[in-house]
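Observations on the model geometry
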Amino acid sequence: MVGHSSRAFSANTRLISKDPTPDEVYGRPENFLEIEVVHPKTYGGGRKMYTTYEIVCRTNIPIFKLKASSVRRRYSDFEWFRDMLERETSRVTIPPLPGKVFTNRFADDVIEARREGLERFLQIVAGHPLLQTGSKTLVAFIQDPNFDKETYSA
């Protein structure tokens with residue numbers, strides 16, 4: 001018969017677990033990244049109308065230069081950003097943006113649906129480890145209020 005180790009558990013052994021502290025339950029995880037797309041604002045009139053969306057970021061991931069930031073971007077900026085991400089990497093499938101809308105694009109429900117889609121898009125790409133470390137545009141797009149596409153298009 002094979003001997004049993006003194007560290008082996010018997011059928012009657014109970015594992016004792018301690019209750020987590022409130023900080024362990026409610027505190028922020030070691031690495032966290034919160035991204036929201038909020039407060040759409042529409043500007044202009046007629047054919048010159050456009051909507052911007054506020055990107056709010058809270059994180060402690062070192063690649064992000066600011067722990068908290070807020071910037072505004074247009075849908076066309078998101079299109080450019082997605083295109084840049086696809087050019088920067090072939091190892092990651094970049095999710096689609098919410099589709100272009102050609103009728104009633106400034107209706108509240110259309111803007112809200114687009115806002116939700118843009119938020120999902122950013123949460124996926126910003127949370128991807130390969131994009132966090134490999135993208136030249138990711139952090140700037142999300143955090144830099146003076147972001148300029150021309151700087152990154154060269």
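Quick caveat, the model's predicted, so the values are computed rather than measured.

This part covers the sheet that holds strand 1 (residues 33–43). Across the sheet, which stays open at both edges, the three strands sit in the order 1-2-3 with antiparallel pairing between neighbours. Looking along the sheet, the strands with just one partner apiece sit at the ends: strand 1 and strand 3 (68–74). Direction aside, the axes of adjacent strands within the sheet are offset by 20° on average. Pairing geometry for strand 1 and strand 2 (residues 50–59), over nine bridges, is antiparallel. When the bridges of strand 2 are listed, E36 appears paired with V56. Together, strand 1 and strand 2 form the strand contacts of helix 3 (residues 108–126), whose direction differs from that of strand 1 by roughly 150°.

Below, the discussion takes up the packing of aromatic side chains. According to the stated counting rule, one finds six aromatic pairs in the structure shown. Plain terms: the ring middles of Y43 and Y50 are 5.4 Å apart, the flat faces sit at 25° to each other, and that makes the pair stacked. Judged by relative accessible area, which is 27%, Y50 ranks as partly exposed. Centroid distance F78 to F141: 5.2 Å. Interplanar angle 80°. Geometry classified as edge-to-face. Remark: F141 occurs in helix 5 (residues 138–143) and F78 occurs in helix 2 (residues 75–88); sequence separation between them is 63 residues. For the pair shown, F78 and F141 are each scored as buried. Within the aromatic cluster, the residues linked to one another by ring pairs are F78, W80, F81, F121, F141 and F147. Over the aromatic face of Y50 sits the side chain of R74, whose NZ or CZ is 3.9 Å from the ring centroid. Here the basic side chain of R114 rests over the ring of Y75, its NZ or CZ set 3.6 Å away from the ring centre.

Procedures and definitions
Residues numbered from 1 in each chain as written. Predicted model: local features only at pLDDT ≥ 70, side-chain atom pairs only at ≥ 80, totals over all residues. Heavy atoms only, no water. Pairing = 2+ DSSP bridges. Helix = DSSP H or I, 4+ residues; strand = E, 2+ residues; numbered from the N terminus. Axes fitted to C-alpha atoms, helices over the stretch in contact; angles between N-to-C directions. Contact = heavy atoms within 4.5 Å. Phe/Tyr/Trp six-rings, centres within 6.5 Å; stacked < 30°, edge-to-face > 60°. Buried < 20%, exposed > 50% of the residue type's maximum accessible area, 1.4 Å probe, protein only. Lys NZ or Arg CZ within 6 Å of the ring centre and 35° of its normal.

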